[in-house]
Amino acid sequence: MTARKIVITVDSYAPKTNGIQRVTQYQAEGLSTRGYDVVVVTSDVKGAPSEEKINGVTVRRVNAHMWHMWHRGDRKGFQETVVSACADADLVINVSAQSFAAAWLFPVFDMLRCPKMLIMHGMHDFAWKKTDFRSPKAFVMKVVRNIRWSEFYHRNLPSLRKYNLVTHLHGQDGSFRWFEGKGIGQNRVVMNAAQDGFFADEVAFDEKRGLISVGTYCAGKNQKMILKAYYRSGIDSPLALIGPSKNAYFHKLVRFNQKLQRKYGIRDVSILAGLPRAETISRIKSAAVYVCSSRQEFFPVSVVEAMAAGTVWISTNVGVVKHLPGGVVVNGVKEMAERFEELSRCLNDRLILAEEGRAYASKNLSEGVAVDVLCRCVNETCEKRKGSA
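Residues numbered from 1 in each chain as written. Predicted model: local features only at pLDDT ≥ 70, side-chain atom pairs only at ≥ 80, totals over all residues. Heavy atoms only, no water.

1. Describing the side chain of serine 32
Position of serine 32 among the secondary structure elements: in helix α1 (residues 19-33). Taking relative accessible area as the criterion, serine 32 reaches 17% and is therefore assigned buried. Sequence-distant contacts of serine 32, that is, excluding residues within four places in its chain, are made with Val38, Asn55, Gly56 and Val57. (Helix = DSSP H or I, 4+ residues; strand = E, 2+ residues; numbered from the N terminus. Buried < 20%, exposed > 50% of the residue type's maximum accessible area, 1.4 Å probe, protein only. Contact = heavy atoms within 4.5 Å.)

2. Topic: the nonpolar core
With 37 residues, the main nonpolar core has Phe78, Leu118 and Leu160 as its most contacted residues. Contacts of leucine 160, omitting those with residues within four sequence positions, involve Ala97, Phe106, Leu118, Tyr153, Trp178, Phe179 and Ile184. (Core = buried A, V, L, I, M, F, W, Y, C linked by side-chain atoms within 4.5 Å.)

3. Some words on the pattern of salt bridges
Enumeration according to the criterion identifies 19 salt bridges in this entry. A salt bridge links arginine 61 to glutamate 52; its shortest N-O distance comes to 2.7 Å. The class for glutamate 52 is partly exposed, based on a relative accessible area of 28%. Sharing partners across several salt bridges, the network here consists of Arg22, Arg277, Glu305 and Glu367. (Salt bridge = Lys/Arg side-chain N within 4 Å of Asp/Glu carboxyl O.)

4. Concerning a positive patch on the surface
Taken together, the side chains of Lys228, Arg232, Lys259, Arg262 and Lys263 define a basic patch exposed on the protein surface. Those elements giving two or more residues to the positive patch turn out to be α7 (223-233) and α8 (248-264). Counting residues per element, the positive patch draws most heavily on α8, at three residues. As for its position among the elements, lysine 263 is in helix α8. With relative accessibility at 63%, the residue lysine 263 sits in the exposed group. (Patch = residues over 30% accessible without salt bridge, like charges linked within 9 Å, V, L, I, M, F, W, Y side chains within 5 Å. Areas by Shrake-Rupley, 256 points an atom, 1.4 Å probe, with all protein chains shown as cover. Lys, Arg positive; Asp, Glu negative; His and termini not counted. Charge placed at Lys NZ, Arg CZ, Asp CG, Glu CD.)

5. A closer look at the sheet that holds strand β1 (residues 5-9)
One open sheet holds the eight strands; their spatial order is β3-β4-β2-β1-β7-β8-β9-β10, and the pairing between them is mixed. The two strands at the open ends of the sheet, each matched to only one other strand, are β3 (51-54) and β10 (186-189). For this sheet the average axis-to-axis angle between neighbouring strands, irrespective of direction, equals 25°. Looking at chain direction, strand β7 (residues 91-95) and strand β8 (residues 116-119) are connected through four bridges and run parallel. Paired with valine 95 across the bridge in β8 is isoleucine 119. The strands touched by helix α6 (residues 174-182) are β8, β9 (165-168) and β10; relative to β10, the strand with the most contacts, the crossing angle is about 165°. (Pairing = 2+ DSSP bridges. Axes fitted to C-alpha atoms, helices over the stretch in contact; angles between N-to-C directions.)

6. Some points on the environment of glutamate 383
In this fold, glutamate 383 is placed in helix α13 (residues 367-388). In this structure glutamate 383 comes out as partly exposed when scored by relative accessible area, which is 38%. For the pair glutamate 383 and valine 83, spaced 300 residues apart in sequence, the C-alpha separation works out to 21 Å. In terms of polar contacts, glutamate 383 uses its side chain to reach the side chain of arginine 4, at 2.3 Å. (Polar contact = N/O pair within 3.5 Å; in protein donor to acceptor, adjacent residues only side chain to side chain.)

7. Some details on the packing of aromatic side chains
Inspection of the entire model under this criterion finds 15 aromatic pairs. With 5.4 Å between their ring centres and 80° between their planes, phenylalanine 106 and phenylalanine 109 make a pair best called edge-to-face. Accessibility classification places phenylalanine 106 together with phenylalanine 109 in one group, the buried group. Centre to centre, the rings of tryptophan 178 and phenylalanine 179 are 5.3 Å apart; their planes meet at 70°, and the pair counts as edge-to-face. An aromatic cluster is built from Trp149, Phe152, Tyr153, Trp178 and Phe179, whose rings are joined through pairwise contacts. Across from the ring centre of phenylalanine 256, 5.0 Å away, lies the NZ or CZ of lysine 224, which sits over that ring. (Phe/Tyr/Trp six-rings, centres within 6.5 Å; stacked < 30°, edge-to-face > 60°. Lys NZ or Arg CZ within 6 Å of the ring centre and 35° of its normal.)

Shown next, in the form of structure tokens:
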């Protein structure tokens with residue numbers, strides 16, 4: 001029997017690194033190891049070939065990129081590449097409606113004869129939040145984004161209705177509710193997952209363990225909030241911030257930490273960049289508390305990884321985190337500092353939360369489980385088309 005051919009379009013893939021890339025890569029490679037012929041069409045990368053094979057997946061790169069809220073590059077070339085790849089495909093999967101990987105295909109949907117599936121990683125949140133008023137710039141950007149994406153979804157609603165199946169990160173995710181409300185496609189949940197290396201066999205505590213946060217150094221990840229809360233809390237535990245590289249925000253954090261030290265006294269704070277992945281995983285597994293301070297997330301993979309590692313998490317109230325076990329949600333610096341203090345004092349509370357998160361992740365949030373769920377969605381979509389032929 002000939003292997004089913006799956007074409008995946010996504011705005012970023014290896015050697016680029018980000019959350020969507022990581023999830024799409026384990027999904028594509030997971031499908032490949034299960035016998036599917038997988039082709040990924042994505043944005044080009046300086047120094048990378050226009051086509052290559054990565055862990056069994058054929059990767060084709062085109063001059064196409066996201067620039068803030070806008071799509072840039074060779075639209076026609078991208079469309080032609082995808083249409084050609086789909087000529088003998090059993091299914092095309094577009095990742096993220098707001099990206100060029102989906103939006104540029106809407107005008108040529110009728111040329112894609114195979115069934116169509118959309119993987120959503122959240123969608124723009126039109127609701128106003130307190131953080132949208134933190135500065136004039138933040139307010140203006142919220143207005144611009146609301147206008148941009150309101151027009152986008154209204155204009156492309158007919159195309160979105162053509163998807164045979166749409167997956168979302170969680171049943172409480174805003175995109176799930178929006179698509180259900182619009183009667184778009186069959187909607188399913190495929191949650192994010194952690195690499196096998198994160199999973200702990202059991203939860204164990206050492207009082208010397210500290211706090212950790214991992215993520216790109218940027219205003220969106222808002223690591224300044226962690227530093228403020230940490231110094232206000234007065235706890236003795238060490239704090240480590242880890243990012244992929246040193247950038248302007250990294251240096252701002254270093255200066256901000258020095259300012260806080262002058263005010264509160266010298267504390268055990270490490271602001272690190274470029275650590276090997278294995279060391280980062282080890283640090284998360286050995287930490288007492290993982291901290292997510294992002295201003296916007298949908299289903300943060302970093303929190304999933306903390307759960308798998310048996311590490312309690314504290315997070316700002318973003319995306320679906322309030323529906324996840326194993327940690328606590330905070331609204332502001334004061335609450336974060338209070339939770340630091342409480343979890344530092346109460347070892348038993350940490351133990352209970354950590355075990356809840358670890359058990360849930362072991363059952364639901366491994367890459368193997370996530371790919372199995374995706375396979376069922378893929379087969380369901382292909383079989384429905386076959387049955388209606």
